[in-house]
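Structural description and commentary
Each chain, letter by letter, is given below.
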Amino acid sequence: DTGVSQDPRHKITKRGQNVTFRCDPISEHNRLYWYRQTLGQGPEFLTYFQNEAQLEKSRLLSDRFSAERPKGSFSTLEIQRTEQGDSAMYLCASTIGLAGGSSYNEQFFGPGTRLTVL
Amino acid sequence: GNSVTQMEGPVTLSEEAFLTINCTYTATGYPSLFWYVQYPGEGLQLLLKATKADDKGSNKGFEATYRKETTSFHLEKGSVQVSDSAVYFCALRSYTGFQKLVFGTGTRLLVSP
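Reference entry: report on the structure contained in this document. This is a predicted model, so every value here is computed, not measured.

**Some remarks on unusual backbone geometry**
- That bond from A:Asp7 to A:Pro8 is cis: its omega, -5°, falls within 30 degrees of zero.
- Relative to the helices and strands, A:Pro8 is located in the loop between β1 (5–7) and β2 (10–13).
- Each neighbour pair has its own omega, and for B:Gly9 with B:Pro10 the value is 0°, a cis peptide bond.
- Positionally, B:Pro10 belongs in the loop between β1 (3–6) and β2 (11–14).

**Describing the state of the cysteines**
- Under the definition given, this model contains two disulfides over all chains.
- Bridging A:Cys23 to A:Cys92, the disulfide has an S-S length of 1.9 Å. Taking the sign of the S-S torsion, about -65° here, the bridge from A:Cys23 to A:Cys92 comes out left-handed. With a gap of 69 residues between them, A:Cys23 in strand β3 (residues 19–24) and A:Cys92 in strand β9 (residues 88–95) connect regions that are remote in the sequence.
- Here A:Cys92 falls in the buried class, since its relative accessible area comes to 0%.
- Two residues, B:Cys23 and B:Cys90, share a disulfide whose sulfurs are 1.9 Å apart. The S-S bond linking B:Cys23 to B:Cys90 shows a torsion near -70°; that makes this disulfide left-handed. Note that B:Cys23 is positioned in strand β4 (residues 23–26) and B:Cys90 in strand β10 (residues 86–93), a separation of 67 residues in sequence.

**Section: the interface of chain A and chain B**
- Listed per partner, the contact involves 24 residues of chain A and 19 residues of chain B.
- Carbon and sulfur atoms make up 53% of the surface buried where chain A meets chain B, a total of about 1800 Å² over both sides.
- Scanning the region where chain A abuts chain B turns up one salt bridge.
- The partner of B:Lys100 in a salt bridge is A:Glu56, and the shortest N-O contact between them spans 2.8 Å.
- Applying the counting criterion to the chain A and chain B interface returns four residue pairs in polar contact (both at pLDDT 80 or more).
- If you list the elements that add at least two residues to the side of chain A that touches chain B, you get β4 (31–37), β5 (44–50) and β6 (53–57) of chain A.
- Split by residue class, the side of chain A that touches chain B holds 10 nonpolar, 10 polar and four charged.

**Thoughts on the packing of aromatic side chains**
- Under the criterion given, the structure shown has 13 aromatic pairs over all chains.
- Consider the rings of A:Tyr35 and A:Phe45, whose centres lie 6.1 Å apart with planes at 75°: the pair is edge-to-face. Here the residue A:Tyr35 occupies a position in strand β4, and A:Phe45 occupies one in strand β5, the gap between them amounting to 10 residues. As far as burial versus exposure is concerned, A:Tyr35 and A:Phe45 are alike and both buried.
- Relative to B:Tyr66, the ring of B:Tyr25 lies with its centre 6.0 Å away and its plane at 85°, an arrangement referred to as edge-to-face. Here B:Tyr25 is found in strand β4, whereas its partner B:Tyr66 is found in the loop between β8 (62–65) and β9 (75–77), with 41 residues between them in sequence.
- Aromatic ring contacts, followed pair by pair, group A:Tyr33, A:Tyr35, A:Phe45, A:Tyr48, A:Phe109, B:Phe34, B:Tyr36, B:Phe89 and B:Phe103 into a single cluster.
- Sitting above the plane of the A:Phe74 ring, A:Arg22 keeps its charged end 3.9 Å from the centroid.
- Just above the ring of A:Phe45 sits the side chain of B:Lys100; from NZ or CZ to the centre is 5.2 Å.

Scoring rules and cut-offs
Residues numbered from 1 in each chain as written. Chains lettered and ligands numbered in written order. Predicted model: local features only at pLDDT ≥ 70, side-chain atom pairs only at ≥ 80, totals over all residues. Heavy atoms only, no water. Helix = DSSP H or I, 4+ residues; strand = E, 2+ residues; numbered from the N terminus. Disulfide = S-S within 2.5 Å. Buried < 20%, exposed > 50% of the residue type's maximum accessible area, 1.4 Å probe, protein only. Contact = heavy atoms within 4.5 Å. Buried area = accessible area lost by both parts, 1.4 Å probe. Salt bridge = Lys/Arg side-chain N within 4 Å of Asp/Glu carboxyl O. Polar contact = N/O pair within 3.5 Å; in protein donor to acceptor, adjacent residues only side chain to side chain. Nonpolar A, V, L, I, M, F, W, Y, C, P; charged D, E, K, R; others polar. Phe/Tyr/Trp six-rings, centres within 6.5 Å; stacked < 30°, edge-to-face > 60°. Lys NZ or Arg CZ within 6 Å of the ring centre and 35° of its normal.

See the structure below:
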């Protein structure tokens, strides 16, 4: 399977715990996005990587959230001291585009990680 | 800022009925417009897109036309099938910046036999 993969698919945690999600983009894709989707809403942008550089972060990404893409391949999203309001589906998407240039290429989405904070 | 507004669901139709899901947008410049579909238990999939005014995107019998004068991108299908039951998201992507997608809230479509 050469699509975007995410792990785990589901995570249940208690309030105050830390969680980490992983995204493996399509292998040649240099652009990677994280989105968050709460129940009944559309996905909302969280952060963007071009290769290993994190170039944009949404105001939704509080200090408790951190994302990395250390070698420009897979990415991790960590949430520290989780709160019930963090319960959502976390989506990863990837695409290919020229550095600093525009891209009309499709963003391919992974299946998401569903987080439930008790 | 950029935003997308789409009609609330659920939309309930009988098989072979005509479908319209309204979508309007607010954006600076000339965004690209998209419809994504999310089938039960699956990830988001691109259904169709249009990158400039008057472009018509089409796929699997679905169509949408980029109307700059009305800032709209309504999704239509002439004859829906039970297998079209899903959540449909309208989205835009700015030409500038890092091309993140801005989504509407989604419209659930339920098609009965």
